[in-house]
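The primary structure of each chain is shown beneath.
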Amino acid sequence: MCGIIGITGAQSVASQLLEALSLLEYRGYDSAGIAVVEKESGSIFRLRAAEQGGSLHHLIGSLGKADTSRFEYCAGIGHTRWATHGAPTTVNAHPHFDCGSSIAVVHNGIIENHHQLASDLRARGHVFSSETDTEVIAHLLEEETADGRTMKDAVVSLLTTLRGAFALACIHKDFPETIYAARRTSPLVIGMADSSCLLASDVAALVETTRNLFELGDDQVAEVTPIGFKVYDQLGVEMTPKPIKVGWSIEAARKGGFADYMSKEINEQQVAVAETILGRLNESGDSELEELEIDEASLSKVEKVLLVACGSSYHAALVGRHAIEAWAKIPAEVDIASEMRYRPMRIQENTLVIAISQSGETTDTYHALKQARSQGVLTIAMTNVVGSLMSREADGVLYTRAGPEIGVASTKCHLAQLSLLECLAFHLAGAKSALSGSEKAAIAGDIMNLPKLVEKTLARQDQYHKVAERYSEFRDFYYLGRRSGFPIALEGALKLKELAYVRAEAYPAGEMKHGPISLIEPGSIVVVVAKRSSLWEKIMANVEEMKARGATVIAVIDEDDEESASLVDDVLETPAVTEICSPVIGVIPLQTFAYSIAKARGHDVDRPRNLAKVVTVE
Ligand code: G6P
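In this text, all values refer to a predicted model and were calculated from it rather than measured experimentally. (Residues numbered from 1 in each chain as written. Predicted model: local features only at pLDDT ≥ 70, side-chain atom pairs only at ≥ 80, totals over all residues. Heavy atoms only, no water.)

K.L.:
Can you explain the packing of aromatic side chains? Please cite residues and give values.
P.N.:
Counted by the stated rule, this structure contains 7 aromatic pairs. Ring centres of Phe477 and Phe593 lie 6.2 Å apart, and the angle between their planes is 70°; this geometry places the pair in the edge-to-face category. With Phe477 in strand E21 (residues 476-481) and Phe593 in helix H20 (residues 582-600), the pair connects residues that are 116 residues apart, well separated along the chain. On the accessibility criterion, Phe593 (0% relative accessible area) is buried. Chaining the aromatic ring pairs together yields one cluster made of Tyr471, Phe474, Phe477 and Phe593. (Phe/Tyr/Trp six-rings, centres within 6.5 Å; stacked < 30°, edge-to-face > 60°. Helix = DSSP H or I, 4+ residues; strand = E, 2+ residues; numbered from the N terminus. Buried < 20%, exposed > 50% of the residue type's maximum accessible area, 1.4 Å probe, protein only.)

As structure tokens, then:
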């Protein structure tokens, strides 16, 4: 969940560390810190801050006052934190020191056996200065190197001592140009530039400097110097590093003139959907998913699909279920990853498990995928991050091509997931020969038309903002939908909760009468997905029930649908589209609606409180 950076050999290493951390801040922003070896004094310079929303800014100010010439061209490490063990305070901010401040460590993940390790270390005289699990690493390295063992060997030995998931980087005052790193489960990438070497938890922090990138494998250690790096396995045997290809430009990771990343990313949705669909189907109804590396013969044997995910990806999975059931005509179920992984899994033979995760790193989804795979069923990971954990675990991988998403609340990745799930459902239908030629051509046409409809929907954002302005003071929202409209309602309510910190409940509209309707009273705001479908009359009957109890109703409707407009108080108009494809369009006004309300309430939409972009803890 945290962001890690390491640089050695650069002239202004400290300011480069801070610059790279600004690209990693979306991974956590409870605190930030850097540590750099000072060659001449033989000590480590460290700066840390835990300022709500402003840690990096604070560090930049402090660095401005420091004499940075002392550590030019030396090794440095940096960290941006999302707190797991220990409060978000400066003492808990990384990098952490050993007793003698000779070793500094940054870490992402969780050391599961840190209680035991810390108590053993304390018994042997070590003094801890933080409440973090990370600090044990610094003290363990201190012990390991005390008897003359090399840092490299000491880091290799950590792979045996530490339990849990981690990516770590450390420096030692006596080796001013070397960074040592190790990883298990949490990712770590190494980059080689002209006369410097870098490492980071995410390629986004490195692409500005170099595209010569390599992946550090699971249970591997790296020794990184300005002129190159070496990689070792658990036994200390040298390994060949694996290169990584990245297509992203650094500009894509910047705000591109928008007030915040979220509005930039909402406005990039047409491109995200277009690129995700690109080359995956054509007008005559053929699909092309060769990259999946699972042949049609294997897919034709699939009798059931199980989709698993968290957060917005879970809502995408619910849409995927409808598409699979409607087009491939086989049963599909959806599970929340944190629930699925702790249930005894009894997955039937010939089930296809699809794990959906924009980051490809969410711990619960990763473990659910891993467990499913251990049962011998076919698995697919759907992610936005090339080379991410899940992409390496599954039998097949499909990438959404949304580009980097920095805003914590998912927008363009969610739309890309919806589009890709529709492509996959369609491909599965083809493999199972479940559709006629004309049905295939019609569905392919609907999917291929989505980017245009997304563009038309985005052009209506001013209208959505105006409607939202009227509701920014309210505190009780209910989001209703039926069938494909229900995942839209869930996603709309999640966006409002995440961004505006307002209570928003989503229900299948038909379920309201089984309890929640007793909460409806004058002042309640009901947002209903009422795009035209075979269930339109039923949803309008539910609208009447809400209005009869005094609720104000805002409806997502098809454009120019005057009949729907006349039955509600306010409308969010969107282009008409077939029901299965409707979530791709219907969710957009609700993203904008939540965005506007959050802005009106003065919130930071890119970094909502208590949330993190990548959740690598349970
Ligand atoms: C966090 C993010 C959400 C995201 C969820 C699942 O909660 O804030 O936006 O939907 O994680 O993330 P994933 O990377 O697995 O899609």
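K.L.:
Give a detailed account of the site of the ligand, specifying residues and quantitative values.
P.N.:
By nearness alone, 13 residues border the ligand, and Ser313, Ser357, Gln358, Ser359 and Thr362 come closest of all. Residue Thr362 places a side-chain N or O atom 2.4 Å away from an oxygen atom belonging to the ligand. Between the ligand and the protein, one listed contact pairs an oxygen atom with a backbone N or O atom of Ser410 at 3.4 Å. Within the complex, the protein chains bury 91% of what would otherwise be the 390 Å² of accessible surface of the ligand. Top element by residues in the shell around the ligand is helix H9 (residues 311-328). It accounts for 3 residues. Both domains that furnish three or more residues to the shell around the ligand are identified here as domain 2 (258-459) and domain 3 (461-618). (Near = heavy atom within 4 Å. Polar contact = N/O pair within 3.5 Å; in protein donor to acceptor, adjacent residues only side chain to side chain. Areas by Shrake-Rupley, 256 points an atom, 1.4 Å probe, with all protein chains shown as cover. Domains from an automatic or database assignment.)

K.L.:
Help me get a handle on H9, residues and values and all.
P.N.:
Since the α-helix turns once every 3.6 residues, residues separated by three or four places project in the same direction. The end-to-end C-alpha distance of H9, which contains 18 residues, comes to 25 Å, matching closely the 26 Å that a straight helix rising 1.5 Å per residue would cover. The buried count for H9 comes to 13 of 18 residues, which makes it a mostly enclosed element. Lys329 occupies a position one or two residues after H9 and carries a positive phi of about 60°. (Expected span 1.5 Å × (residues − 1).)

K.L.:
Residues and numbers for the sheet that holds strand E24 (residues 552-558), please.
P.N.:
Spatially, 5 strands are ordered E22-E21-E23-E24-E25 in an open sheet, and the strand pairing comes out parallel. Among the strands making up the open sheet, the edge pair consists of strand E22 (503-508) and strand E25 (570-574). Strand-to-strand twist across the sheet, computed as the mean angle between neighbouring axes with direction ignored, equals 20°. One ladder, built from 5 bridges, connects strand E23 (residues 525-529) with E24; its direction is parallel. When the bridges of E24 are listed, Val528 appears paired with Ala555. Each of E21, E22 and E23 is contacted by helix H17 (residues 485-500), which is oriented at about 170° to E22, the strand it contacts most. (Pairing = 2+ DSSP bridges. Axes fitted to C-alpha atoms, helices over the stretch in contact; angles between N-to-C directions. Contact = heavy atoms within 4.5 Å.)

Function cannot be inferred from these measures alone, as they are strictly geometric.
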